[in-house]
Amino acid sequence: MPATSPFADRRVVIATALLCCFLWGSAVPAVKIGYGLLGIVPTDTPSLLLFAGIRFVLAGLMLLAYGAATGKPLVQKRQRFGELALLGLVSTAGQYLFYYIGLAHSTGVKVSITTSTSTFFSVLLAHLLYANDKLTARRILGCLLGFAGVIVVNLAAIGFDLNLSLLGEGFIVIAALLFSVGAIYGKRLSADMDPTVMTGWQLLLGGAVLTLVGLIGGGHFAAFDWPDVVLLAYLAALSAAAFTLWSVLMKHNPVGSVAIFNCAIPIFGVLLSGLFLGENVLQWKNLAALVLVSLGIWMVTATGRRWKG
C-alpha cells in the first residue's frame, strides 16, 4: 500500500477498528455456543484446542486463497517463513491456547472485559519500542483506570472474590499480553509484506499447531452437524477479516493510536453475551468495570491522536 493509504485516515481508522472489535466481541458468545453444540466441556482441554485449531486453519486458508486469487506472492523466503512461524506461535497458537482455556473457565462478560488489558499491554510496549508512543502521566492514569475495571469485574456481591481463577481470568490476561506482543511483531513484518499474506500464514501455521496438539491429546467432538459447520465458518471468517484489518491498521498507524480501540471489545462482548447467552449484564460490578475501562481508554486516546486527515 502507498504511504498515503486511506487506512491512515482518522475516520477510516475509527470505523475499521470498531468493526474489528465488534467481530472479536461476537466471538465470545459464538465460541461458548460452539462448546455446547460440539459437546465440549471446560475440562476437555484437547478438544478446546482442536476447536480453536480448526477455526484458525480455515481462516488462514481463506486468506491465502484470497491472496492467490488476487495475485499476491504467497511463497516466502526461508528466513521470512521462520518469522511467520514465530508470529503464528505467539499470536495464534500461544494466545489462543490460553484464551480458549480461559474462556471455558469464565463467563462471557468477564472474558470480554478482561480481554481489554491487551490495550494497556500495547501502550506500555509501544512506549519501550517507539519514540512517538511515549507514556505520559495521563496515559499512565488511563492504564490504571483500565486495570481497576478488570479488578472490579471480579468483585462478588459481598466484596472481593479472593478465589480468582488462574485458568479463567488469569489465562485471559496472558492471552491479552501475547496478542499485544504478536501485534507489535506483526507490525514490523508487515513493513515489507502484504498484511493479508502475513495474516494468512500466521493463522494457518498457528492453527495447525493447535490442531496437532488437540489431536495428540485426544481431542474430539461429540457431534458435527450443519449448525456446527455454519458456526465454525463464521468464526473462521471473522478471524480472517478482523486480524487482517487490524494488521493493516497497525502497519499504517502508531501502535497506541490503534490499540486503544480495544475498549470496544468488552462493550460489544457484554452486549452480545447478554443477548445470546442469557447472562445478566445489568450488575453494578459489570457496569462499573465498563465505565472504568472506557474512561481509561479515553484518557489514553486524548493524548495519542496523531492520525492524518
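For the structure itself, consult the block above.
None of these values were measured; they are calculated from a predicted model. (Residues numbered from 1 in each chain as written. Predicted model: local features only at pLDDT ≥ 70, side-chain atom pairs only at ≥ 80, totals over all residues. Heavy atoms only, no water.)

## Describing the overall build of the chain
Definition in use: Each helix corresponds to a stretch of at least 4 residues labelled H or I by DSSP, and each strand to a stretch of at least 2 residues labelled E; elements are numbered beginning at the N terminus. Whether a residue is buried, partly exposed or exposed follows from its accessible area with a 1.4 Å probe, protein chains only, as a fraction of its type maximum: under 20%, in between, or over 50%, in that order. By the convention used here, residues are in contact when the closest approach between their heavy atoms is within 4.5 Å. Shrake-Rupley sampling with a 1.4 Å probe provides the accessible areas, and residues are treated as covered by the protein chains on show and by no other component.
Within the chain one finds 12 helices and two strands. For the chain, the α and β elements follow one another from N to C terminus as α-α-α-α-α-α-β-β-α-α-α-α-α-α. A buried classification covers 54% of the 309 residues belonging to the chain. Sequence separation of 24 or more characterises 88% of the internal contacts of the chain that already satisfy a separation of 6 or more. When the accessible area of the chain is evaluated, it comes to approximately 13100 Å², of which 73% is carbon and sulfur surface.

## Details of empty space enclosed by the protein
Here is the rule we go by: Points on a 1 Å grid, built from protein atoms alone, make a cavity when a 1.4 Å probe fits but cannot get out and make a pocket when they are open with protein on both sides within 12 Å along at least 5 of 7 lines; residues with an atom within 4 Å of a point are the lining residues. Grid points are joined across faces, edges and corners, and a volume is the space filled by probe spheres set on the points. For this classification, the nonpolar set comprises Ala, Val, Leu, Ile, Met, Phe, Trp, Tyr, Cys and Pro, the charged set comprises Asp, Glu, Lys and Arg, and every other residue, Gly included, is treated as polar.
Applying the stated criterion across every chain, the model contains three cavities of 30 Å³ or more. Considered as a void within the structure, the largest cavity measures approximately 200 Å³ in volume. Lining the largest cavity are 16 residues, and of these Trp24, Gln95, Tyr96, Tyr99 and Thr115 sit closest to its centre. Looking at the lining of the largest cavity, the elements with two or more residues in it are α1 (10-38), α3 (78-104) and α7 (166-189). Top contributing element to the lining of the largest cavity by residue count: α7, with four residues. Grouping the constituent residues of the lining of the largest cavity by class yields 11 nonpolar, four polar and one charged. The space that makes up the second largest cavity amounts to roughly 100 Å³. In this structure, the second largest cavity is lined by 13 residues; those nearest its centre are Gly182, Ala183, Gln202, Trp246 and Ser247. Only α3, α7, α8 (195-216) and α9 (226-252) provide two or more residues apiece to the lining of the second largest cavity.

## Re the side chain of Thr196
Relative to the helices and strands, Thr196 is located in helix α8. Other than its neighbours up to four places away in sequence, Thr196 contacts Leu63, Tyr66, Lys72 and Thr244.

## What to know about the environment of Phe179
Relative to the elements of secondary structure, Phe179 occurs in helix α7. Judged by relative accessible area, which is 9%, Phe179 ranks as buried. Contacts of Phe179, omitting those with residues within four sequence positions, involve Trp24, Gln95, Ser118, Phe243, Trp246 and Asn262.

## Focus on the pattern of salt bridges
The criterion, for reference: Any carboxyl oxygen of Asp or Glu that lies within 4 Å of a side-chain nitrogen of Lys or Arg is treated as forming a salt bridge with it.
The final tally for this structure, using the stated rule, is four salt bridges. When the shortest N-O distance is used, the salt bridge between Asp194 and Lys72 registers 3.4 Å. Here Asp194, found in the loop between α7 and α8, pairs with Lys72, found in the loop between α2 (45-69) and α3; they are 122 residues apart in sequence, far enough to count as distant. Here Lys72 falls in the partly exposed class, since its relative accessible area comes to 24%. Where Arg188 meets Glu83, a salt bridge forms, and the shortest distance between an N and an O atom there is 3.8 Å. Here Arg188, found in helix α7, pairs with Glu83, found in helix α3; they are 105 residues apart in sequence, far enough to count as distant. Given a relative accessible area of 47%, Arg188 falls into the partly exposed group.

## Side note on the packing of aromatic side chains
What counts is decided by this rule: Only centres within 6.5 Å qualify two rings of Phe, Tyr or Trp (six-membered ring in Trp) as a pair; their planes then separate them into stacked at under 30 degrees, edge-to-face at over 60, and tilted for everything else.
Applying the stated criterion across every chain yields a total of 12 aromatic pairs. With a centroid separation of 5.7 Å and 85 degrees between ring planes, the pair formed by Trp24 and Phe179 is classed as edge-to-face. Here Phe179 lies in helix α7 and Trp24 lies in helix α1, a separation of 155 residues in the sequence. Ring centres of Phe179 and Trp246 lie 6.4 Å apart, and the angle between their planes is 45 degrees; on these two criteria the pair is classed as tilted. Remark: Trp246 occurs in helix α9 and Phe179 occurs in helix α7; sequence separation between them is 67 residues. The residues Phe179 and Trp246 share a single accessibility class, namely buried.

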